[in-house]
Amino acid sequence: MKILSIILLALGITFSANAQFKKASVHATGLTCAMCSKATYEALESLPFVDKIDTDLDNTTFVLSFKTGVPVNIDAIKAKVEDAGFSIGKLVMTASFDALNVQNDAHVSFAGSTLHFMDVKNQVLSGDKDITVIDKDFVSAKQFKKFSTETSMPCYKTGMMGDCCKTNSGAASGRIYHVTI
């Protein structure tokens, strides 16, 4: 029995190592000078899951590379940009998928987060793919309104799981991230 437990644990570690966010492209809005960019850079650099940051100051974009095996907190990225005095105009996450089946307007667990895929074709995701976070405060008000028409589930308006959100164990609670490909 111990051997079976060890094998299952090893398989679980292997599968979870494949399911992770690798990097993010953060477009910050409201940056007007080099000091603004520096403040945002330093705020993002303090995140414990960030390995390195590349900047594209012409487009006010920061490309965050994440540490392998360290959980990524999407809301913490937003909080750091806001703490520096700015907001997120767009957040694109690059994730390493291992045959993840996604369906339009459906929830899936990925890398310790729950993702709600919207405005996508049913497909199986494998390898590195970019997904765009489309929650409120991650897109413009106009884009948020547009995506609101793509679902009747109330979790999109709140960003929190509700009666519409089901997991294998039944109703869920907690943060849910709405994404598109």
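The rules behind the values
Residues numbered from 1 in each chain as written. Predicted model: local features only at pLDDT ≥ 70, side-chain atom pairs only at ≥ 80, totals over all residues. Heavy atoms only, no water. Core = buried A, V, L, I, M, F, W, Y, C linked by side-chain atoms within 4.5 Å. Buried < 20%, exposed > 50% of the residue type's maximum accessible area, 1.4 Å probe, protein only. Helix = DSSP H or I, 4+ residues; strand = E, 2+ residues; numbered from the N terminus. Contact = heavy atoms within 4.5 Å. Phe/Tyr/Trp six-rings, centres within 6.5 Å; stacked < 30°, edge-to-face > 60°. Lys NZ or Arg CZ within 6 Å of the ring centre and 35° of its normal. Axes fitted to C-alpha atoms, helices over the stretch in contact; angles between N-to-C directions. Left-handed = near helix turned anticlockwise from the far one by under 90°. Arc of directions from axis to C-beta. Pairing = 2+ DSSP bridges.

1. Details of the nonpolar core
Core analysis: the biggest nonpolar cluster contains 40 residues, and F21, F66, I77 and M93 have the highest contact counts within it. If you tally residues by element for this core, the top one is strand β4 (residues 87-102), at seven residues. When residues no more than four places from it in sequence are discounted, the contact partners of F66 are F21, K22, K23, A24, F49, V50, D51, V72, I77 and M93. The next biggest cluster of nonpolar side chains, apart from the first, holds six residues, and it includes M118, I134, F144 and Y156.

2. Some points on the packing of aromatic side chains
The final tally for this structure, using the stated rule, is four aromatic pairs. Relative to F110, the ring of F21 has its centre 5.2 Å away and its plane inclined at 80°; by these criteria the two rings are edge-to-face. Remark: F110 occurs in strand β5 (residues 106-110) and F21 occurs in strand β1 (residues 20-29); sequence separation between them is 89 residues. In this pair, the class of F21 matches that of F110, namely buried. Here the aromatic rings of F97 and F110 are separated by 4.7 Å at their centres, their planes lie at 40°, and the arrangement is tilted. Residue F97 is located in strand β4, and its partner F110 is located in strand β5; the two are separated by 13 residues in the primary sequence. Across this residue pair, the class does not change: F97 and F110 are buried. In textbook terms, an aromatic cluster arises when at least three aromatic residues are bridged by ring pairs, as seen for F21, F97 and F110. Above the ring of F147, the side-chain terminus of K146 is found at 4.2 Å from the ring centroid.

3. A word on the packing of helix α2 (residues 34-45) against helix α3 (residues 74-83)
It is at 8 Å that the axes of α2 and α3 come closest, and there the two elements cross at 145°. Along this stretch, α2 crosses α3, giving a crossing that reads as right-handed. Across the interface between the two elements, T40, A43 and L44 of α2 pack against I77, K80 and V81 of α3.

4. Regarding unusual backbone geometry
For residues besides glycine, phi is generally negative; the peptide bonds are generally trans as well. Although it is not a glycine, T60 sits at a positive phi angle of roughly 45°. Secondary-structure assignment places T60 in the loop between β2 (50-56) and β3 (61-66). Positive phi outside glycine occurs at D137, with the angle close to 75°. Tracing the backbone shows D137 in the loop between β7 (123-133) and α4 (141-148).

5. Section: α4
Residues of α4 that are buried: F144, F147 and S148. The buried residues of α4 all sit within an arc of 110° when viewed along its axis, so they share a single face. Projecting away from the buried face of α4 at angles above 90 degrees are the exposed residues K142 and K145. Residues of α4 that are buried make contact with α5 (155-158) and β10 (177-180).

6. Some remarks on the sheet that holds β5
One open sheet accounts for eight strands, arranged β2-β3-β1-β4-β7-β10-β6-β5; its pairing is mixed. Edge strands, defined here as strands with exactly one partner in the open sheet, are β2 and β5. Strand after strand, the sheet turns through a mean of 30° between neighbouring axes, direction not considered. Where strand β6 (residues 113-117) meets β10, three bridges bridge the pair, whose relative direction is parallel. Each residue of the ladder has a partner; that of F117, found in β10, is V179.

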